[in-house]
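# Structural features, examined
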Amino acid sequence: MTKVTFSCGGLLCIGAIQLALGKREHYSFDVAEVKPHYGCTEPSGQQRVRDFVGQLVSEELSIITLLQVEFEMDHPEGYFAIGGACAGSQHEDVAVALVREEEFSFAAPLGATQHGWYNMPYLSGKLAQQPPDPARSMCISNIKVVGERPYAGAILTHKASGE
């Protein structure tokens, strides 16, 4: 059984995901989505996003997704990153997840998902110097609505359960 509930507002959607592994123990963790969109292109708006992510890190959320965060940020201590960018499309956006190292370990990427902060588009400063590599492009499409958008994914191991 997997239960997902969401309470959304503004920049944040927090989902409580509860994993029931057979009749063994139950585990839960919190997930936040941060999508500043166009309102945070100025330095003051970017700093508000950095501060907000810092608050989520201090609350020790398990996974923090960053969508369309197209500026540099410091690597949050205690988290590893996975991410991807959609290259060569109208929207060269990024999708990055910050994953709490104490709770999860990285097992394998899905597709061309990148692992490691130094590989993260924009956040590490990487895209400030060069556009995304089309050979490593991670695009999903809904042409009628918004065109191509980025995605990223990975197989993670939940340390407490071993699953």
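Just so we're clear, the structure is a prediction, and the values are computed from it rather than from any experiment.

This brings us to the side chain of Arg100. As for its position among the elements, Arg100 is in strand S6 (residues 94-100). Among the residues examined, Arg100 registers a relative accessible area of 11% and is labelled buried.

Attention shifts here to the pairing of S6. Burial within S6 is extensive, with seven of its seven residues counted as buried. Going residue by residue along S6, you find Val94, Val96, Leu98 and Arg100 tucked away on one face and Ala95, Ala97 and Val99 tucked away on the opposite face as well. Bridge analysis of strand S4 (residues 63-67) against S6 gives five bridges, and the strand direction is antiparallel. By the bridge assignment, Ile64 is partnered in S6 with Leu98. As paired elements, strand S5 (residues 79-85) and S6 share seven bridges and run antiparallel to each other.

What counts, and at which threshold
- Residues numbered from 1 in each chain as written.
- Predicted model: local features only at pLDDT ≥ 70, side-chain atom pairs only at ≥ 80, totals over all residues.
- Heavy atoms only, no water.
- Helix = DSSP H or I, 4+ residues; strand = E, 2+ residues; numbered from the N terminus.
- Buried < 20%, exposed > 50% of the residue type's maximum accessible area, 1.4 Å probe, protein only.
- Pairing = 2+ DSSP bridges.

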